[in-house]
Amino acid sequence: MTETPTPAPTPTPVHWKLVVDSADPHAQAVFWAAALRYEVEDNSAFIERLLALGALTGAATVEHHGRPAFRDLIAVRHPEDPFDPDRGTGLGRRLLFQRVPEAKTGKNRLHLDLHPGDGRRAAEVERLTALGASVLREVRDPSGEWVVMADPEGNEFCVH
């Protein structure tokens, strides 16, 4: 009798987040949460526990929207994705903004493409401009049309 070989286990997909260097991570989080209709993560309960344990100093925190937040990083997450309620950290689609001392100096090597839906590009560009983004150029190409924009810190993204 021949044995059926045991199939190899399916590898678990890698969990990831996109990290964006920024001069003001909290302002960037507010912009991108509004732009994507995401939620700014609330890590305040976790931060308060770390402060009480002495594992975090007050200098490593700031007040953000009336709650303690990490001084140098903050994330936004998709509102329908799971999150860790003890830490307030998203477990799905998220962007993390981290403070860096240097300014953006060149073209992005990675950027977001936003797809608001058929016939909604102009209204979305107007909404994003009102949030603080700027239009860099409009592209009409055989492969399609889109608007190249920059967030408040100059990071480029496209609206299709």
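Attention in this report is confined to the structure presented alongside it.

With that out of the way, let us pick up helix H3 (residues 121–131). By the burial criterion, the buried members of H3 are Glu124, Val125 and Leu128. Relative to the axis of H3, the buried residues are bounded by an arc of 100° and lie together on one face. Exposed side of H3, more than 90 degrees from the buried face: Ala122, Ala123, Glu126 and Ala130 are the residues found there. Buried positions along H3 lie against helix H1 (25–36), strand S9 (112–114), strand S10 (134–141), strand S11 (144–150) and strand S12 (156–159). One or two residues past the end of H3 sits Gly132, with phi positive at roughly 125°.

The element strand S5 (residues 73–77) is largely enclosed, with a buried count of four among its five residues. Bridge count between strand S2 (residues 39–40) and S5: two bridges; the pairing is antiparallel. Considered in S5, the bridge of Val40 is made with Val76. Bridging between S5 and strand S8 (residues 94–99) involves five bridges; their strand directions are antiparallel. If you follow Ile74 over to S8, its bridge partner there is Phe97.

The next point concerns the sheet that holds S12. With mixed pairing, four strands are arranged side by side in an open sheet as S9-S12-S11-S10. Two strands bound the open sheet, and with one partner strand each, they are S9 and S10. Taking the axes of each pair of neighbouring strands and ignoring which way they run, one obtains an average angle of 25° across the sheet. For S9 and S12, the ladder comprises three bridges, and the chain directions are parallel. Across the sheet, the residue bridging to Leu112 is Phe157, located in S12. Together, S9 and S12 form the strand contacts of H1, whose direction differs from that of S9 by roughly 35°. The strands that H3 touches are S9, S10, S11 and S12; relative to S11, the one it contacts most, it runs at about 5°.

Taking strand neighbours across the sheet as the criterion, the four strands line up as S1-S8-S5-S2 in an open arrangement whose pairing is mixed. Edge positions in the sheet fall to strand S1 (18–22) and S2, since each has one partner strand and no second. Where S1 and S8 come together, five bridges link them in parallel fashion. Each residue of the ladder has a partner; that of Val20, found in S8, is Phe97. Most of the contacts of H1 go to S8, to which it runs at about 160°, and overall it touches S1, S2, S5 and S8.

One way to put it is that H1 packs onto H3 with a least axis distance of 10 Å and a crossing angle of 160°. Relative to H3, the element H1 lies roughly antiparallel. In this structure, H1 crosses over H3, and the sense of that crossing is right-handed. Contact with H1, carried on its side by Phe31, Ala34 and Ala35, involves Glu124, Arg127, Leu128 and Leu131 of H3 and no other residues of that element. In the contact of H1 with H3, the residues fall into five nonpolar, no polar and two charged.

Basis of the calculations
Residues numbered from 1 in each chain as written. Predicted model: local features only at pLDDT ≥ 70, side-chain atom pairs only at ≥ 80, totals over all residues. Heavy atoms only, no water. Buried < 20%, exposed > 50% of the residue type's maximum accessible area, 1.4 Å probe, protein only. Helix = DSSP H or I, 4+ residues; strand = E, 2+ residues; numbered from the N terminus. Arc of directions from axis to C-beta. Contact = heavy atoms within 4.5 Å. Pairing = 2+ DSSP bridges. Axes fitted to C-alpha atoms, helices over the stretch in contact; angles between N-to-C directions. Parallel < 35°, antiparallel > 145°, perpendicular 65-115°, else oblique. Left-handed = near helix turned anticlockwise from the far one by under 90°. Nonpolar A, V, L, I, M, F, W, Y, C, P; charged D, E, K, R; others polar.

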